Amino acid sequence: MSQAPGKAPPESQGLGALGLKLGLSRLALWWEGAWRALWPPLGILGAFLALAFTGLLPTLPPALHLLILIGFAAALGYLGYRAALGLSAPAADAAARRLERDSGLAHRPLAVLADRPAGDDPMAQALWQAHRDRAAAQLGQLRVARPSPGLAARDPRALRAAVLVALVASLGMAGREAPERLLSALAPSFAEPASAPTALAARFEAWVTPPAYTGAPPQFLNAAGGAVSVPAGSRLHMVFSGSASPPELRLGGTAHAFARMDAQSHALELPLTEGGALVLKRDGRDVAQWALTLTPDAPPVVAWDPSPARAGRGLGLRLPWKAEDDWGLVALRVELRLKQRPSAPPVTQDIPLPGGAPRQAQGAAQHDFSAHPWAGLEVEARLFARDGAEQEGKSEGAFLILPERRFSHPVAQQLITLRRALSLDPNARDPARRELDRISNAPEAFEHDTGMFLTLRAARHRLGRDRRDEAVPEVQQILWDVAVALEEGRTDRTARALTQAREALREALEEARRDNPERSPEQRAELQRRIQELREAIRRHLEALAERMQRENNEALSYDPQQRVFDRRELERRTRRLEDAARDGRQEDAEREMAELEEMLQALEEGRTSRTEDRQRQQRQRGQQQMGALQDMVRREAEMLDRAHRRSGEQDINRTDSRRPPPPRPQTPEAREEAARDARTQRALRRALGELMQQFGELTGDVPAPLAEADRAMRDAAEALAEGRDPRAAQQQAIRALTEGGRQMSQRMQRQFGQPQPGEGEGEGEGEGEEMAGGQQGSEGQENQLGEGRDPLGRDRRESGGSAQDNAGDTLVPGDAERLRSHQLQQELRRRGAERERPPVELEYIDRLLRRF
């Protein structure tokens, strides 16, 4: 067989597609060859463009600039010449071979289609035709692969990528100046250099930056000189330009050098530690002169206003104070030192200051130190105020006796006395151990309570074995806990002792009636002893009840035969009759008196339980009122947030340039007036929240942390409204914190006071049982802003009742029944509105109903 190279393939099935694929294969071969040949000169060209776009070449000396251009041109010409030699059109056979390689075909099927057999033998012709058919059947598998120049093998360090990155970066640096920089790089300038420019007129700028804690703006110095007064700790900044020679600054006879910024600019930064003549010199001549005076930062001034004393109610210590500082107060605290032991570490309590760093402030803090080991001892109280410069001012010492809790239980009194003695002399451990031995050896004094006994023995052994200094305060805390447990748990122990005395007397009466109706002297003496024990148990129980009610601010125990409430005199008369009947041997009378006495004691216990339930119900009602006030705050805060959204939307519409930031204050007078009203309302709501936190703390003993976050958010919102800034972020944070605080308030009231009983209010009793009611807030003040005649919670300070007209301009107050029913409806609506997990449709409906109130 002979092959006819370069001959076109014969016409057969699929030859049209074959021609297209051969053309693509040939184009791919040409691209691969061209890219391998052209990438070196293109790399040189890219490197030159990257260097030109940086603007570096025009800054070089002209000769060096020209030399670099010649080098780039020579390299580009040489590599371009080599590239031109390497550029050639690929042959058809090469395209066919590439197509066969890309398709994975063996035995060159494309060449088979172009060949002819050499002879005319029919058998050979048939065999060749079969071979051609098999080759033609493989045409459907032909594919053209993507071009692959193979530059990775020729450029293993990927310099082509580095040239591309440098070109893109330099082009980004040049920006719109790229054409100008390229022209400057291609045309080095051999013109004569221009004469040196005339020196600029010397000028300077000087300013003083006060310390950051002062909040004062920078103060610029007059170029003509003069007197300057700045706060101590300030820094002087000065920039001098237009002079090749550096200037000189002299302060009080000391020279200070400038730092060179460039050929004709100099700068200086100097901390001012002293005053005096400030002189700026240049070339030996005075340029400007100032008389510098440093105003010292005086320490804060703090004083008692008036002297501290026990609060009018409770066991708190009232700490009235006033303080001032020239640049603002940062912190305030009170320190208590034991007068009889001045070397003892002081007791420190921080006192909150108003928002920001006030220059003058006045207030009265109240703290409860009744649980501290120094309670009942004389201490020296002193105030300490600190400013931004870390300077402290202190007040005069005030001597007072820390309020202490009064204990009526004898053992509790002894333990508190022992605790106080350890405060005066922590080294007196042996006397304290002996006193604990004496108390624990008389367990009848604390009703043979095993837990109390073991605790006292543990405290006694800790004093003897633990020689750490911290052991004494730990033992003092144990003694306090035991004393409080004895005092507050006395009612339960005396009730248990009373029950035991009643059982013992009943058993003695039963035994005497069963064994010997006439009774022997021994039995009579035993009965008298049991009756005396019962009388003593009744006395202790009544005293415990009276003390407990006094602590809870209840009324004293009174006697009313119609209401089955008893006093000590009636119980004493019943006990005396029982004693007389037992002494005279009147068994039936003694048993009857005993039954009546037990009935009276049972009624006394039921009355105590009823009073406890009444107290819990009153506490729940107070909690419900506070929850209602909190819900009203959330509603008012949401209304202010809506108005802030509306003002922000109006500002966005009024702004024509969206790229410019919004103005710092509302543009329209209406918006400014509305923001000012909202600022006043925000401050009033914050005061109301503070009152609510104090009331809830008195009710439960703790305040949820989110309420403090809400207070800070309200402060930020009020400041933003007053300064014309956007208050929405702070208001949203306040709403979230108030909602979370309300949830925690509800949970704490449920844990302490239990679920509300059926019939308490008109609610259904679902959820946690807290009715989110407005409490004492009337419906009149809910939609109006806080103003004259209303307290911080929006309540009317005027006392009104019945169906009378209050004042001119106010609405007619309905009758008591109508107001009570309306109040109950508001309570239930607010309670349900506070449950945010309800469906949105229901919450929206409740909000619409509440707006009508």
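A quick note: this is a predicted structure, and the numbers were derived from the prediction, not measured.

Calculation criteria
Residues numbered from 1 in each chain as written. Predicted model: local features only at pLDDT ≥ 70, side-chain atom pairs only at ≥ 80, totals over all residues. Heavy atoms only, no water. Pairing = 2+ DSSP bridges. Helix = DSSP H or I, 4+ residues; strand = E, 2+ residues; numbered from the N terminus. Axes fitted to C-alpha atoms, helices over the stretch in contact; angles between N-to-C directions. 1 Å grid on protein atoms, 1.4 Å probe; cavity = no way out; pocket = protein on both sides within 12 Å on 5 of 7 lines; lining within 4 Å. Points joined across faces, edges and corners; volume = space filled by probe spheres on them. Nonpolar A, V, L, I, M, F, W, Y, C, P; charged D, E, K, R; others polar. Core = buried A, V, L, I, M, F, W, Y, C linked by side-chain atoms within 4.5 Å. Buried < 20%, exposed > 50% of the residue type's maximum accessible area, 1.4 Å probe, protein only. Contact = heavy atoms within 4.5 Å. Salt bridge = Lys/Arg side-chain N within 4 Å of Asp/Glu carboxyl O. Phe/Tyr/Trp six-rings, centres within 6.5 Å; stacked < 30°, edge-to-face > 60°. pLDDT = per-residue confidence, 0-100.

A. Structural context of the sheet that holds strand β1 (residues 203–209). What the 5 strands build is an open sheet, ordered β2-β1-β4-β8-β7; its pairing is antiparallel. Two strands bound the open sheet, and with one partner strand each, they are β2 (219–220) and β7 (259–262). Examined bridge by bridge, β1 and β2 share 2 bridges and lie antiparallel to one another. Pairing of Trp207 across the sheet is with Phe220, part of β2.

B. Structural view of the sheet that holds strand β10 (residues 285–295). Pairing is mixed in the open sheet, where 5 strands are placed in the order β3-β10-β9-β5-β6. Lying at the two open borders of the sheet, with one neighbouring strand each, are β3 (226–231) and β6 (254–257). Averaged over neighbouring strand pairs, the angle between their axes works out to 30° when direction is ignored. With 7 bridges connecting them, strand β9 (residues 276–282) and β10 associate as antiparallel partners. If you follow Val279 over to β10, its bridge partner there is Gln289.

C. Focus on empty space enclosed by the protein. Applying the stated criterion to the full structure yields 5 cavities of 30 Å³ or more. Space inside the second largest cavity adds up to approximately 60 Å³. Taken together, Ser370, His372, Pro373, Ala375, Glu404, Arg405, Phe407, Ile416, Arg419, Arg420 and Trp480 make up the lining of the second largest cavity. Considering each element in turn, the lining of the second largest cavity owes the most residues, 3 residues, to helix α9 (residues 410–424). Residue classes in the lining of the second largest cavity are distributed as 5 nonpolar, 2 polar and 4 charged.

D. Just unusual backbone geometry, in detail. Following Asp305, the chain continues into Pro306 via a peptide bond in cis, with omega recorded as -10°. With respect to the helices and strands, the residue Pro306 is situated in the loop between β11 (301–304) and β12 (309–310). A positive phi is found at Glu390, a non-glycine position, where the angle reads about 65°. The residue Glu390 is located in the loop between β17 (378–387) and β18 (392–394) in this model.

E. Representation of the nonpolar core. The biggest cluster of nonpolar side chains holds 26 residues, and the ones touching the most others in it are Val334, Leu336 and Trp374. Listing elements by their share of this core, those giving two or more residues are β11, β13 (316–324), β14 (329–338), β16 (360–368), β17 and β19 (398–401). Sorting elements by how many residues they give to this core places β14 first, with 5 residues. Sequence-distant contacts of Leu336, defined by excluding residues within four places in its chain, comprise Pro346, Val347, Phe369, Trp374, Val379, Glu380, Ala381 and Leu402.

F. Inspection of the environment of Pro426 at higher detail. By the secondary structure assignment, Pro426 is in the loop between α9 and α10 (429–440). For the pair Pro426 and Ala471, spaced 45 residues apart in sequence, the C-alpha to C-alpha distance is 9.6 Å. If near-sequence neighbours (up to four positions away) are discounted, Pro426 is found in contact with Arg341 and Val472.

G. Representation of the pattern of salt bridges within the structure. Under the defined criterion, the tally for this structure stands at 33 salt bridges. Residue Arg203 is joined to Glu205 by a salt bridge in which the shortest nitrogen-to-oxygen separation is 3.4 Å. Judged by relative accessible area, which is 40%, Glu205 ranks as partly exposed. The partner of Arg468 in a salt bridge is Glu470, and the shortest N-O contact between them spans 3.7 Å. The class of Glu470 is partly exposed, set by a relative accessible area of 45%.

H. Region of the structure containing the packing of aromatic side chains. Here the structure, examined in full by the defined rule, presents 5 aromatic pairs. Taken together, a centroid distance of 6.0 Å and an interplanar angle of 40° make the contact between Trp207 and Phe220 tilted. On the criterion of sequence distance, the pair formed by Trp207 in strand β1 and Phe220 in strand β2 is long-range, its members being 13 residues apart. Accessibility expressed as a relative area gives 22% for Trp207, which makes it partly exposed. Consider the rings of Phe407 and Trp480, whose centres lie 5.7 Å apart with planes at 90°: the pair is edge-to-face.

I. Broad picture of the pairing of β9. Relative to β9, strand β5 (residues 248–251) is paired through 4 bridges, and the arrangement is antiparallel. Each bridged residue has a counterpart across the sheet, and for Leu251 the counterpart in β9 is Leu278. Remark: 2 residues form the turn of the hairpin made by β9 and β10, two consecutive strands paired antiparallel; Asp283 in that turn has positive phi of roughly 55°.

J. A look at the confidence of the model for the chain. With 70% of its residues at a pLDDT of 70 or more, the chain has an overall mean of 76. Confidence drops under a pLDDT of 50 for residues 1–13, and excluding neighbours within four residues, the segment shows 19 contacts in the predicted structure. Scored below 50 in pLDDT, residues 192–200 shows 3 contacts in the model against residues more than four places distant or in partner chains.

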